Amino acid sequence: MLSEEDDVDIHALKRQGMTISEIARRTDHDRKTIRAYLAGQRTPGVRQRAAPDPFDAFIDYVTARLTEDPHLWAATLLDELVPLGFEGSYQTLTRQIRDRSLRPACTACAHVTRRPNAIIEHPPGEETQFDWVELPDAPAGWAFPTKRAFVLVGSLAHSGVWRAVISPSMDLPHLLAAMTVLLGLLGGVTKSWRFDRMSTVLKAGTSDLTPMFAAFSKHHAVTVVACRPRSGNRKGVVEKNNHTAAQRWWRNLPDDVTLEQAQQRLTVFATGQDGRRREGRDGSTTAAVMFAAERLKPLPPTLFPVVVTEQRTATRQALIDWRGNRYSVPPEL
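The structure presented is a predicted model; accordingly, all values stated were derived computationally and were not measured.

Structural notes on the side chain of Asn242
Part 1: Mapped onto the secondary structure, Asn242 falls in helix α10 (residues 236–249).
Part 2: Overall, the relative accessible area of 6% leaves Asn242 in the buried class.

Here it is as structure tokens:
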């Protein structure tokens, strides 16, 4: 490979009337190399690969996906490329996208300024953050009343370990039912729970808990902390996991999976995130290592009673499907 300075020198020597052999001897380069640069077949400063670039086979796919969605995460794109035969790492993918300028520029994002951020300390076992994430275009086979799916994400503020539960609604009974499953997936209870100012958690216009949610919190012996108005950024742990669930899991979920299969895939995906690296005061570690220090309290021996109401269409045999099981109903239904 010749540098820009070497390329200028060999062109100057050529204009002085020297032959390619004389230029090669003076610059201590091979004659074929000199001839290629003089003919414009090679670019100065760019090393010619001895073998074809394996990423060339994926350029069209990556270009099409980033043109369709310029904000697509590279991690999501990597999840799609691995089954197609891509063997590179995440760093290789991001470097290829950057060097080849495959991601279109977003004019809307160019004007966004960075907000000042503050690091909030979260002691082990102190807080669990809950938040809903709304996902569009739910599979028709799920029989949800709307085309949207709702996922309740619960994140341990100290370690960042999270689990999630799919729900057809965000009303209070579904919230309590989803939290019951979530707490079982997390394996215990922290001292406090943090929420946005949800109408299912707080009475409208006040900071008082709704009666049913207050009873649910008392049953688990925890305190409930609601974010101050216009201060939802104090739930940064769960909001980041919301983005991960929406950008990586939901985008790669097949349309033909059942609700139970989707929940199983979501649990497996969230569990796989436990190995991601986290930066702490004691240096770089993983979420799983920090989870070992959470010291969660055990769950209550009995479940909190919740009545969940959902709409289903009965078959001609007076049967309905609900949560992976089939139940009979009165024939008049």
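Description of the packing of aromatic side chains
Part 1: In total, this model carries 13 aromatic pairs according to the counting rule given.
Part 2: Seen from their ring centres, Trp142 and Phe144 are 5.6 Å apart, and the 65° between their planes marks the pair as edge-to-face.
Part 3: For Phe144, a relative accessible area of 11% puts it in the buried group.

Let's talk about the pairing of strand β1 (residues 127–135)
Part 1: Of all the 9 residues making up β1, 8 are buried; the element is thus mostly covered by neighbouring parts of the structure.
Part 2: Pairing between β1 and strand β4 (residues 192–195): 3 bridges, direction parallel. Paired with Glu127 across the bridge in β4 is Ser192.
Part 3: Bridge count between β1 and strand β2 (residues 149–156): 8 bridges; the pairing is antiparallel. Across the sheet, the residue bridging to Val133 is Val151, located in β2.

A word on the environment of Phe58
Part 1: Along the chain, Phe58 turns up in the loop between α3 (31–38) and α4 (59–68).
Part 2: Here Phe58 falls in the buried class, since its relative accessible area comes to 11%.
Part 3: Considered as a pair, Phe58 and Asp9 are 49 residues apart in the sequence and their alpha carbons are 38 Å apart.
Part 4: Not counting the four nearest positions on each side in its chain, Phe58 is found in contact with Leu81, Leu84, Gly85 and Phe86.

As for a positive patch on the surface
Part 1: On the surface, a cluster of positive charge is contributed by Arg25, Arg31, Lys32 and Arg35.
Part 2: With 3 residues, α3 is the single largest residue contributor to the positive patch.
Part 3: As for its placement among the helices and strands, Lys32 is situated in helix α3.
Part 4: Note on Lys32: relative accessible area 62%, which makes it exposed.

Scoring rules and cut-offs
Residues numbered from 1 in each chain as written. Predicted model: local features only at pLDDT ≥ 70, side-chain atom pairs only at ≥ 80, totals over all residues. Heavy atoms only, no water. Helix = DSSP H or I, 4+ residues; strand = E, 2+ residues; numbered from the N terminus. Buried < 20%, exposed > 50% of the residue type's maximum accessible area, 1.4 Å probe, protein only. Phe/Tyr/Trp six-rings, centres within 6.5 Å; stacked < 30°, edge-to-face > 60°. Pairing = 2+ DSSP bridges. Contact = heavy atoms within 4.5 Å. Patch = residues over 30% accessible without salt bridge, like charges linked within 9 Å, V, L, I, M, F, W, Y side chains within 5 Å. Areas by Shrake-Rupley, 256 points an atom, 1.4 Å probe, with all protein chains shown as cover. Salt bridge = Lys/Arg side-chain N within 4 Å of Asp/Glu carboxyl O. Lys, Arg positive; Asp, Glu negative; His and termini not counted. Charge placed at Lys NZ, Arg CZ, Asp CG, Glu CD.

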